[in-house]
Every structure is written in C-alpha cells, then in structure tokens.
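# Analysis of the macromolecular model
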Amino acid sequence: MLNLESNIKFIKGVGEKRAELFYSLGIFDVDSLLRFYPRKYEDWTNTKTVSQVNDGDHITIKATMITPVKEHRIKRSMTLYKCRFSDGESIINVTIFNNKYLAQALRIYEDYVLFGKIDKSLTSASMSSPKIEKLDTGVCIHPIYPANGKLTSNAIAKVIKTALNNLDEIPDTLSNDIKTKYNLISLDSAIRQIHIPKSEEESYKARKRLIFEELLTLQLGLLKLKSTKKDETAFVISHDFTDEFKKLLPYRLTNAQQNAIGECIKDMQGRYPMGRLLQGDVGSGKTAVAAGILYTAIKNGYQTALMAPTEILAVQHYEGLLKTLQTTGITIRLLTGSTKAKEKREIKAALIDGEIDLLIGTHAIIQNDVAFSKLGLVITDEQHRFGVKQRASLAEKGHGIHTLVMSATPIPRTLGLILYGDLDISILDEHPPGRQEIRTDVVDSRYHGRIYKFIKDAADRGEQSYIICPMVEESEEMLHVKSAQQLAEELSETVFKGYSVGLLHGKMKPKEKDNIMKAFSLGDIKILVATTVVEVGVDVPNATIMVIENAERFGLSQLHQLRGRIGRGNKKSFCVLVSDSKNEASLNRLRIMKNNSDGFKIADADLKARGPGDFFGERQHGLPKLKIADMLEDIEILHLAQSCAMDILKEDYNLNLEKNQYLCDAITKMFRDINY
C-alpha cells in the first residue's frame, strides 16, 4: 500500500525513468500527484450511433473492431494505421496517425469506445485519430490533465488511478463541524471524485470542497503571518498630533485622508505594531497621509523612514516633506545610491546618535550598515515595486516597529484581503479638490498628424507631453509596432525638429534615467518618448498630454497608472490612446479607459479581462500558487473561507487543537516556499 509521502517512482507503472517526467511537472510524491488536478473533463457517457449524429459532431460511439489494422507508411516521419469498426448499423473507417502503441493494442472483434469528430456522408462515415478505450473502462467521464510532450494526459490518469487503488482513506484536513456547516464532502471523497467522477454533480462537489480547503488554507496562512507580527511594540504612540499637522498644510485634507490617518494613529496607539496598506488611486493624496503619520510618530520621539523605489521619487518625497515640515524643527535627510561617501558616513553616524528624525531614500537605506537609534515607523512607497524581502529588511531595522506600505495600484476590493491578508487596509477613494479631470480619447493612427500638432501647440504654450511606446527596441515579432528608440529618433528629426525630445526606457542605467526625468521635470525636455518606466514617476504638473501608442498592448490598470502621470497641475490635461486593433475585445477595454477615471472600477474590469494570475503577478507579491481555486470565479467560496478562517482563529488562534492539526500542516506546506 502507498501513503501520501510515498515517492512517485514506487507507484506501479512509473519507476525511476518515468518518475523524471513527473518531476518536471512538480510531482514528486503521491500527495502532489493527487493534487495535480484535471484542467477539464470529456464526458464519454452519452454514447450514440452513426445514424443519430450529424457530420462534424464530436461524439462517443460504442463499436466493435471488424478488420485488422493496416499500416501505411506515408513518409519517414508519418505512418498511418487504418481499420474499420461497426456500431451494429454502420461502418466507421478509422485512421490513426503515428500511434504505433495504440495500433498494436487494438484487437479484432473486441468492443471499444471511440471519442472524436465524425466525418459523415450519405454512403460512409470516418474518424481521424479518435481517442479509443476498451468498452468496459471507456464509458465514463475522462479527466484531462495539463501534460508535457512525453507524458500524456492519459498516462497521468492511469498513474493517478493506480495510486488511488493502492491508497487507504485520505485523512481529512477539516473538522466535521466545518464540513457540516459549509456542506462539504470529505477530503478522501473529493480527491477520488475530482479524478474519477461518475457524474457532473460529483465533480462539482469535489471542486467545491477542494477550492474551499485551498482558499481557507491560504487565508489562515495569511492571517497567521499577521499574527507573527503580534509581538508587543515598544513604540506606542501616546499622543495624536494630527490637528497640529493639519495647520501646516495650505489645503484641507479630504475625509478619506483624515480617516486613513486616524486608522494608522489608532493602530500605533495599540499594544501591537501597525501593519497597514494605504491603497489609493493616482492623485488621491497618499503622500499627505504619510506626512501626517510621520509627523505624529516623530513628535512622540521616534525615528522614521520612508523608502521609495527610485532615486527621483525619493528626492521628490524629500523636497516635498522638507517644504511641508520646514517650520517644525524636524531633521530630514536623504540617502540614495548617489549620495557622496562622506555624506553617507555623516548620515549613518547621525542616525545612530538619534539626530535624524526622518530618513528618506531608496533601497540604500536597507543596507546592513544603516542602523537607527529608535526607529518606530517605516513607510514604503509604491510597495509593489519592491520585493517582499526588501520590505522585510527595512522592517527588521527595529523590533516591533510600525509599518505602512503605500500602493497606487488599485486592487479590486473583493480581493484585497487575499493579496494583503497580512495587512490591514485603508482606502483613499476621494480626490483632493482641484484635481483635474483628464479627457481621454481612443483614436487610430490616422490621427497622428492632428496629435503631433496638438503636442507642438502645447509645447509653444510652455506645456509638456509624454509619448508612450510598448517596446524599447525594434522586434521582429512586432514589425508594425514602433519602438521608443525608433520613434524618438524619427520624431526629433522630423515633426518635432527644433523641440527638445527626450528618450526614457528601462534598459538605461539608473543614473541616466534619473537625469532624463530631472530634465523633464525641470522643463528642459518638452516631449518625452518613453516606455512604461514612467508608470511610477515624479509629479510634473506642467505635463498635460499623454499619447499611448499601440494602447491595446497594455493592461487597463497599467494604462490608468500611465494616465496618472498627467493632470497633476491646474491645467486641462489630455490622454490619447492610439490603436489600429480590429479586435473588438481590445477596443472595448480601451473604451472602458475612455469612460472611467475610477481606478477601482478599472481594476475590476482589468481583472475580468486578464484573470487573477496576470493581474497579481504571483512572484512579485509572494503569493502561494493556487492549484484549483480561481480568485475571480470562486469569489463566493472565498468569502465563505474567509469567514471560516476567522471562526477557527477565534477558537484556536495557534491551531493547537487536534481537529486543526491537518490544517496547520497544510498551511506549512502551502507557505514553505514563500519568503515573507
């Protein structure tokens, strides 16, 4: 008998050599084999005769083989095998391509099931390369697995069946109470029925149980991550200085900004360190919220740090906060890769001595030799640009310190708990008054002449423009798509001759990129041709036009982020999406951009269009990979799993009860490769 830990090579029919093929699919033991779920099913239970079907139908036919197989070698790499079957009424001519194993296995006068497309005329019927199984095992629902070249779906199915036949009952991960409350079948039944369902209803019940378990395990794991940060903090905020901070501002905070500051201060007044995500659309005023929280933390006697993904964004934060806090006596320093060695030494010494209240910088501030005297609060801007390890490195500069991460990438509200399950969430869903509405238009390339005149007129008025391209360099695969380099050269020599045209892309060295962005923000460059590297960038209030070439090649959320680079001043701004696509789905996505300025609505539409895998970018966010659940399709089950997770942790926070032991093991397994 096998157990879940048995190596795949010990299953009958596998062995050492074939095991290597399973290893390439991430299957190493019986457990990972059984968790390798079918991607779809083929229902072979509804059998018909030739007389009951039409030409071109995909059908299942019970038939007897009535002639031996004849081999026809067409050329060196192609062999055809031909034979005939009868369904009792009609003759079916069957052709098998290059499958010697199947041809040799067929026996004359034996009964089979044929599954495939039928080609039918008044006088004959034929099938090319149908799937063929023996009658006693073929009339069933067949699972179809993701396969590779040498390991077919059929071969995987046979090995799984063998494993299930040699496995005792699989222990359950869920208690009887949970199974009863949520109407779930046992894990043993679910595993057997997902691979060998007798009906559509059986496969549905199996999927529901396995999806629930996977989402519950994920949610518990993320909530447990939050609990690991529950060591009491030494940096308790005793007094809220928000009212004092508001007097420093030349404008009024929105209600959403005030609520977010209040939520953060309340967290920092508690016994445990704050772990919060500040999520806001482009232009919603996250920086002002960060400033308010930093101010209160500093006034309570703690050092603070703000980390940005690029040097130019770090400089922007530094200059902005220096201006806001200039009358307060707060000491602010900037530390980036280009800070001179002597100044770096001075900053590091001042930090240890407690002479710096706020350190702003890039990843340079998480270097090992950067130490603080009394670091109480860390804020990470555009956090999705940092790896999980980088964010953790900054938090480790102190013990039990408060952490705020900021993101301008709206995540659909229903999925926020999954993606940021280890953080509490504050949402800025208002724009400060005076923020310009950006007019967005969708046009084709015939409009280029008018667009370029529009850009020149703006430049003559002293305004600036972005032109965004999907690629850095020319590509053979996309000959009709101009690269940023090609377009910048072409435009600077022709239509924009006499105007200052800049080029910015991700393959440039960091210093080179910073110099270009500085020149653009100072107004020295009037027209900036760039790739999506400007998606996260500095405020250039004078930039009023953005043209996005081949706009259909960008995701909706990315287009929205790019559009957020303009409309940051008091001048009317325009975004032009250029696309020659004839694909209606692509054009509909661009129309969503034209008609929507709400990043959250756009994020929902983007998720529906692209699916959660592309949307999240698992590697970037450090999410465990889901094997059966789909966060978009399974939202209802997700909500049930979230509710169940809360109930479990209320009763047994450390999962010490015997009934929760299997769940505890499942969490460990799911998160073992994720480095938080």
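Residues numbered from 1 in each chain as written. Predicted model: local features only at pLDDT ≥ 70, side-chain atom pairs only at ≥ 80, totals over all residues. Heavy atoms only, no water.

## Points about the packing of aromatic side chains
- In the structure shown here, the tally under the stated rule is eleven aromatic pairs.
- Relative to Y145, the ring of F36 has its centre 6.3 Å away and its plane inclined at 15 degrees; by these criteria the two rings are stacked. With F36 in the loop between α2 (30-34) and β1 (40-43) and Y145 in the loop between β10 (141-144) and α5 (153-165), this residue pair connects regions lying 109 residues apart in the sequence. Each member of the pair, F36 as well as Y145, is classed as buried.
- Taken together, the aromatic side chains of Y452, F496 and Y499 make up a single cluster linked through ring pairs. (Phe/Tyr/Trp six-rings, centres within 6.5 Å; stacked < 30°, edge-to-face > 60°. Helix = DSSP H or I, 4+ residues; strand = E, 2+ residues; numbered from the N terminus. Buried < 20%, exposed > 50% of the residue type's maximum accessible area, 1.4 Å probe, protein only.)

## Here's the deal with the packing of helix α19 (residues 556-563) against helix α20 (residues 584-595)
- It is the contact of α19 with α20, at a shortest axis distance of 10 Å, that shows an interaxial angle of 35 degrees. Two packed elements cross with a definite hand, and for α19 against α20 that hand is right-handed. Facing L556, L559, H560 and R563 of α19, the residues of α20 in contact are R589, L590, I592 and M593.
- When the residues that make up the contact of α19 with α20 are grouped by side-chain class, the tally is five nonpolar, one polar and two charged. (Axes fitted to C-alpha atoms, helices over the stretch in contact; angles between N-to-C directions. Left-handed = near helix turned anticlockwise from the far one by under 90°. Contact = heavy atoms within 4.5 Å. Nonpolar A, V, L, I, M, F, W, Y, C, P; charged D, E, K, R; others polar.)

## Considering the environment of G376
- Relative to the elements of secondary structure, G376 occurs in strand β15 (residues 375-380).
- Considered as a pair, G376 and G301 are 75 residues apart in the sequence and their alpha carbons are 8.8 Å apart.
- The contacts of G376, once residues within four sequence positions are left out, are F235, Y302, Q303, I401 and H402.

## Focus on the pairing of strand β21 (residues 527-530)
- Going residue by residue along β21, you find I527 and V529 tucked away on one face and L528 and A530 tucked away on the opposite face as well.
- Note: strand β19 (residues 464-468) against β21, four bridges, orientation parallel. Paired with S465 across the two strands is I527, which belongs to β21.
- The sheet contact formed by strand β20 (residues 501-504) and β21 spans four bridges and is parallel. The residue bridging V501 from the neighbouring strand is I527, located in β21.
- Since β20 and β21 lie parallel, the crossover through helix α18 (residues 510-521) that links them has a hand, and here it is right-handed. (Pairing = 2+ DSSP bridges. Right-handed = clockwise from strand over helix to strand, strands pointing away.)

## Regarding the nonpolar core
- Judged by nonpolar contacts, the single largest core of 59 residues is most densely connected at I11, F22, L33, L34, F212 and L216.
- Taken together, the elements giving at least two residues each to this core come down to α1 (15-23), α2, α5, α7 (187-195), α8 (200-228), α24 (635-651) and α25 (661-671).
- With ten residues, the single largest contributor to this core is α8.
- Those residues within four positions of F22 in sequence are excluded, and the remaining contacts are I8, V14, I27, L33, L151, I156 and V159. (Core = buried A, V, L, I, M, F, W, Y, C linked by side-chain atoms within 4.5 Å.)

## Concerning the sheet that holds β20
- Overall, parallel pairing links the six strands, which are arranged β18-β23-β22-β19-β21-β20 in an open sheet. Either end of the sheet is taken by a strand with one partner, and the two such strands are β18 (438-443) and β20. Adjacent strand axes in the sheet meet at a mean angle of 15 degrees, parallel and antiparallel pairs treated alike.
- Together, β18, β19, β21, β22 (543-548) and β23 (573-578) form the strand contacts of helix α16 (residues 448-460), whose direction differs from that of β22 by roughly 160 degrees.

## Describing α19
- Of all the eight residues making up α19, seven are buried; the element is thus mostly covered by neighbouring parts of the structure.
- Here α19 has its buried residues at L556, S557, L559, H560, Q561, L562 and R563.

## Quick notes on α7
- Counting buried residues along α7, seven of its nine residues qualify, which places the element largely inside the surrounding structure.
- All of the buried residues in α7 are L187, D188, A190, I191, Q193, I194 and H195.

## Comments concerning the pattern of salt bridges
- Summed over all chains, the structure comprises 25 salt bridges.
- Ionic pairing is found between R35 and E213, a salt bridge with its closest N-O pair at 3.1 Å. On the criterion of sequence distance, the pair formed by R35 in the loop between α2 and β1 and E213 in helix α8 is long-range, its members being 178 residues apart. Judged on exposure class, the residue R35 and its partner E213 are both buried.
- Shared partners join several salt bridges into a network, and the residues in it are D31, R35, D172, K179, R209, E213 and K669. (Salt bridge = Lys/Arg side-chain N within 4 Å of Asp/Glu carboxyl O.)

## Considering the packing of helix α10 (residues 255-268) against helix α11 (residues 286-299)
- Viewed as axis vectors pointing N to C, α10 and α11 meet at an angle of 35 degrees, and their least axial separation amounts to 9 Å. In this structure, the crossing between α10 and α11 has a hand that is right-handed. Residues Q257, A260, I261, C264, I265 and M268 of α10 pack against A288, V289, G292, I293 and T296 of α11.
- The residue makeup of the contact of α10 with α11, split by class, is eight nonpolar, three polar and no charged.

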